[in-house]
Amino acid sequence: MLENKHRILIVDDEPGNRQMLRQILMDRYKLSFATDGVGTLEVMSSVRPDIILLDIMMPGMDGYEVCRRLKAAPVTADIPVIFISALTDINKKVNAFNSGGVDYICKPFQKDEVLARVKIHLNLYSLQRELKDSKDKYIWLYESTPVGYFAINKKTEIVEVNLKGADMLGSNKQDLTTQSLSMFVKDEDRKAFNEYIEGIFADNKGSQMRPEIAMSTLKGQDLWVTLEGAAVNSDICLVVLIDITSEKKLANEVHRLQWVLDSSVENVLGKSPAARAICKDIPRVAQSDLSIILLGETGCGKSFIAEFIHTLSNRSRNPFVKVDIGALSEKLIESELFGHEKGAFTGADIRKKGFFEVSSGGTIFLDEIHNIPLYLQSKILTVIDDRKVYPVGSTRAVDVDLRIICASNADIYQLVEQCKFRNDLYYRLNEFPLAIPPLRDRLEDISFYAQKFLNDTRYELGRPLLYMTDDAIEYLMRYEWPGNIRELRNLIKRVVLFCTTDAISIDDISCFLDVANNTADKTRHLSLKEIMERKEIKTIIAAIEEADGNKANAASMLGISYSWLVRRLKRYGIADKDMTHRS
């Protein structure tokens, strides 16, 4: 099969020479022919040989000129040319080599000589092609790789750089040569960069670590990279810059958004240790579909927190349906929750969707969940387990997709033990319990909420800027707040409504709040700082006792570090033996 054989172009104006070469070569190679220089160039436009046997003495354009033209053209410059001639003049041979020939065959032809010379130069040509292809592939990989390659000296001057590296720095290869790579490194990372390069030259193997370095391009744009390097010799090392700018910006944005989220949660729920503990849990649980039970006294903000969780969740664009179980009529509670079909009972004139169906896709908040009658609790289990609702008067289920958040000011587990609440329903709803502490246990948040409600009410009533005096805040902190946050909000509304000055003082508050018989009144002579310190001591001791004396666990419960807890104990002079006495 000739398809896989090399092609040889034979150029000679004498038919006899062409025929002789045909007989020698035809069994081993594919052959093409031309009779003069012009014909050679025409053949080359359609056929690319692997080698050319070129006669010197031809009419018109001689072999020297043909060879020179072939070597001058990029597409044919690498094709080896072997000259053939009956002339043995040494000057002819020199001219042949000077014009670009690789060898010389004399006439009359000797078969073995022709075959040997052709074979040698075809092998050389094949090796050169393979080497060129490998070089081209290497250059392509070097230039198009997605990382920057920099060859630098000990002064970090750039000796060589690929296209990606130049593009990363906002320049071109020529302009970067002899510039220092360290000049692109930002000041805060220049020491780490220089130490890394010194380490490469020191061990002549390269460093195992991959430092992250902040850089700046010539256009002033931020660039973050990781470094990998290896020494080429004692004077040059190769440094690879991997662009991590997009990952770094994304990480910074995630960090920023997390900070915004944490700050937003804290600005909504308060800044006390108890509030911060809740803040830590809410963003995480909000992103799940876990059922939640909010436990806490009346007025401590359970309804607000339920809606806040919904706002932070993936369901935020869908309904948030609040249902006060205690306010529903016993006769209509089943219909209100599950809906009913037309004619299901007297007065059911139309089909009506229940709260579960209305909240599909979003969140349903069941406040005072302990008031749900036992006979309906099994139907709620069906909603949770099967995601289906059976309206009153219907045997056909309605599919629902919702999240359930419950709230109660009662001890539901105690109701379970008293067989007043189904055990299986309790555990379905209690996938994530969240205890909301009363306001009296969040002393620092009294000032926070007072100012928040003050601003809200001022805008609502159209009042000018108001502020609360320190003694007024201290007065509020001496009250036990049995009605919790709701009571504080209602008080602030009344105070703002009747306040006649820009400053809210004790006199403005005492008209509506009497703390004379309140236990906190015993601290009337204390400063605000002293009151807060007493509360902090009480909170710390209670946490340590709850953790059975384990300070690390107590610190975790309080949302502070162990070292911070130890410093606070030392500041207040509290030793382990003092715990029982002080508490």
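Treat the numbers as computed from the prediction; the structure is a model and nothing was measured.

Asks: Sorry, what's going on with the overall build of the protein here?
Replies: Within the protein, the secondary structure is distributed over 24 helices and 19 strands. Residue burial in the protein is summarised as follows: out of 583 residues, 44% are buried. Considering only residue pairs separated by 6 or more positions, the protein has 62% of its internal contacts joining residues 24 or more positions apart. Element-wise, carbon and sulfur atoms account for 52% of the exposed surface of the protein, whose accessible area totals about 31100 Å².

Asks: Quick question: what am I supposed to make of the pattern of salt bridges here?
Replies: Two side chains of opposite charge can pair, provided their charged atoms sit close to one another. What the rule picks out here adds up to 23 salt bridges. One salt bridge in this structure joins Arg315 and Asp401, with 2.8 Å as the shortest N-O distance. On the criterion of sequence distance, the pair formed by Arg315 in the loop between α11 (302-312) and β12 (320-324) and Asp401 in the loop between β15 (398-399) and β16 (403-408) is long-range, its members being 86 residues apart. Judged by its relative accessible area of 9%, Arg315 is buried. Given the relative accessible area of 40%, Asp401 is considered partly exposed.

Asks: Could you clarify how one ought to interpret the sheet that holds strand β5 (residues 103-106) in this entry?
Replies: Overall, parallel pairing links the five strands, which are arranged β2-β1-β3-β4-β5 in an open sheet. What marks the edges here is a single partner per strand, and that holds for β2 (30-34) and β5. Between one strand axis and the next, the sheet turns through 20 degrees on average, direction left out of account. Across five bridges, the pairing between strand β1 (residues 7-11) and β2 is parallel. For Ile10, the partnering residue across the bridge sits in β2 and is Phe33. Contacts from helix α3 (residues 63-72) reach β3 (51-55) and β4 (81-85), with the element oriented near 175 degrees to β4.

Asks: Where do I start with the environment of Arg403 in this structure?
Replies: Residue position: Arg403 is located in strand β16. Residue classification places Arg403 among the buried residues on the basis of a relative accessible area of 2%. In this structure the C-alpha to C-alpha distance between Arg403 and Gly362, which are 41 residues apart in sequence, comes to 6.5 Å. Discounting residues that sit within four places of it in the chain, Arg403 has contacts with Val285, Ala286, Ser288, Asp289, Leu290, Ile292, Ile309, Ser313, Arg315, Gly362, Thr363 and Ile364.

Asks: Sorry if this is basic, but what is going on with the sheet that holds strand β10 (residues 236-243) here?
Replies: Strand pairing in a sheet is mediated by backbone hydrogen bonds. Such pairs are either parallel or antiparallel. The strand order β7-β6-β10-β9-β8 describes an open sheet built from five strands, whose pairing is antiparallel. Looking at the sheet topology across the chains shown, the edges are occupied by β7 (158-161) and β8 (212-216). With direction set aside, neighbouring strand axes in the sheet form an average angle of 35 degrees. Together, β6 (148-153), β8, β9 (222-231) and β10 form the strand contacts of helix α8 (residues 187-203), whose direction differs from that of β9 by roughly 15 degrees.

Asks: Sorry if this is basic, but what is going on with unusual backbone geometry here?
Replies: In most cases, non-glycine residues show a negative phi, while peptide bonds are predominantly trans. In this structure, Pro108 follows Lys107 across a cis peptide bond, with omega equal to -5 degrees. The residue Pro108 is located in the loop between β5 and α5 (111-144) in this model. Despite not being glycine, Trp481 has its phi angle at roughly 55 degrees, a positive value. The exposure class of Trp481 is buried, given its relative accessible area of 0%. The backbone of Asp548 shows a phi angle near 55 degrees, a positive value even though the residue is not glycine. With respect to the secondary-structure elements, Asp548 resides in the loop between α21 (528-546) and α22 (551-558).

Asks: Would you take a moment to explain the packing of helix α17 (residues 443-461) against helix α19 (residues 484-498) for this structure?
Replies: For any two helices packed against each other, one specifies the crossing angle of their axes together with the interaxial distance. Direction vectors running N to C along α17 and α19 enclose 45 degrees, while the axes themselves pass 9 Å from each other. Taken together, the axes of α17 and α19 are oblique relative to one another. In the packing of α17 onto α19, the handedness of the crossing is right-handed. Here α17 contributes Ile446, Tyr449, Ala450, Phe453, Leu454, Thr457, Glu460 and Leu461 to the contact with α19, which in turn contributes Ile485, Leu488, Arg489, Ile492, Lys493, Val496 and Leu497.

Asks: Which parts of the structure should I look at to understand α3?
Replies: The α-helix winds at 3.6 residues per turn, so residues separated by three or four positions along the chain end up facing the same way. Within α3, burial applies to Gly63, Tyr64, Val66, Cys67 and Leu70. In an axial view of α3, the angular spread of the buried residues amounts to 160 degrees, which keeps them on one side of the axis.

Asks: Could you clarify how one ought to interpret a positive patch on the surface in this entry?
Replies: The grouping of Lys322, Arg486, Arg489 and Lys493 at the surface amounts to a positive patch. Take the positive patch: its biggest share by element is three residues, from α19. Take Arg486: its relative accessible area is 41%, and that puts it in the partly exposed class.

Asks: Mind showing me how you'd approach the side chain of His340 here?
Replies: As for its placement among the helices and strands, His340 is situated in the loop between α12 (333-338) and α13 (355-358). Separated by 2.6 Å, the side chains of His340 and Ser335 make a polar contact. For His340, the contacting residues outside a window of four places in its chain are Ser335, Phe345, Ala348, Ile350, Arg351, Lys352, Pro391 and Val392.

Asks: I tried to follow the environment of Asn314 on my own but got confused; where do I start?
Replies: By the element assignment, Asn314 lies in the loop between α11 and β12. Sequence separation between Asn314 and Asp289 is 25 residues, and the spatial gap between their C-alpha atoms is 9.1 Å.

Asks: Help me understand the packing of helix α2 (residues 37-44) against α3 in this model?
Replies: Look at α2 against α3: their axes get within 9 Å of each other, and the N-to-C directions meet at 25 degrees. Comparing their axes, α3 and α2 come out roughly parallel. For α2 against α3, the interelement crossing comes out right-handed. Here α2 contributes Gly37, Thr40, Leu41 and Met44 to the contact with α3, which in turn contributes Val66, Arg69 and Leu70.

Procedures and definitions
Residues numbered from 1 in each chain as written. Predicted model: local features only at pLDDT ≥ 70, side-chain atom pairs only at ≥ 80, totals over all residues. Heavy atoms only, no water. Helix = DSSP H or I, 4+ residues; strand = E, 2+ residues; numbered from the N terminus. Buried < 20%, exposed > 50% of the residue type's maximum accessible area, 1.4 Å probe, protein only. Contact = heavy atoms within 4.5 Å. Areas by Shrake-Rupley, 256 points an atom, 1.4 Å probe, with all protein chains shown as cover. Salt bridge = Lys/Arg side-chain N within 4 Å of Asp/Glu carboxyl O. Pairing = 2+ DSSP bridges. Axes fitted to C-alpha atoms, helices over the stretch in contact; angles between N-to-C directions. Parallel < 35°, antiparallel > 145°, perpendicular 65-115°, else oblique. Left-handed = near helix turned anticlockwise from the far one by under 90°. Arc of directions from axis to C-beta. Patch = residues over 30% accessible without salt bridge, like charges linked within 9 Å, V, L, I, M, F, W, Y side chains within 5 Å. Lys, Arg positive; Asp, Glu negative; His and termini not counted. Charge placed at Lys NZ, Arg CZ, Asp CG, Glu CD. Polar contact = N/O pair within 3.5 Å; in protein donor to acceptor, adjacent residues only side chain to side chain.

Function cannot be inferred from these measures alone, as they are strictly geometric.
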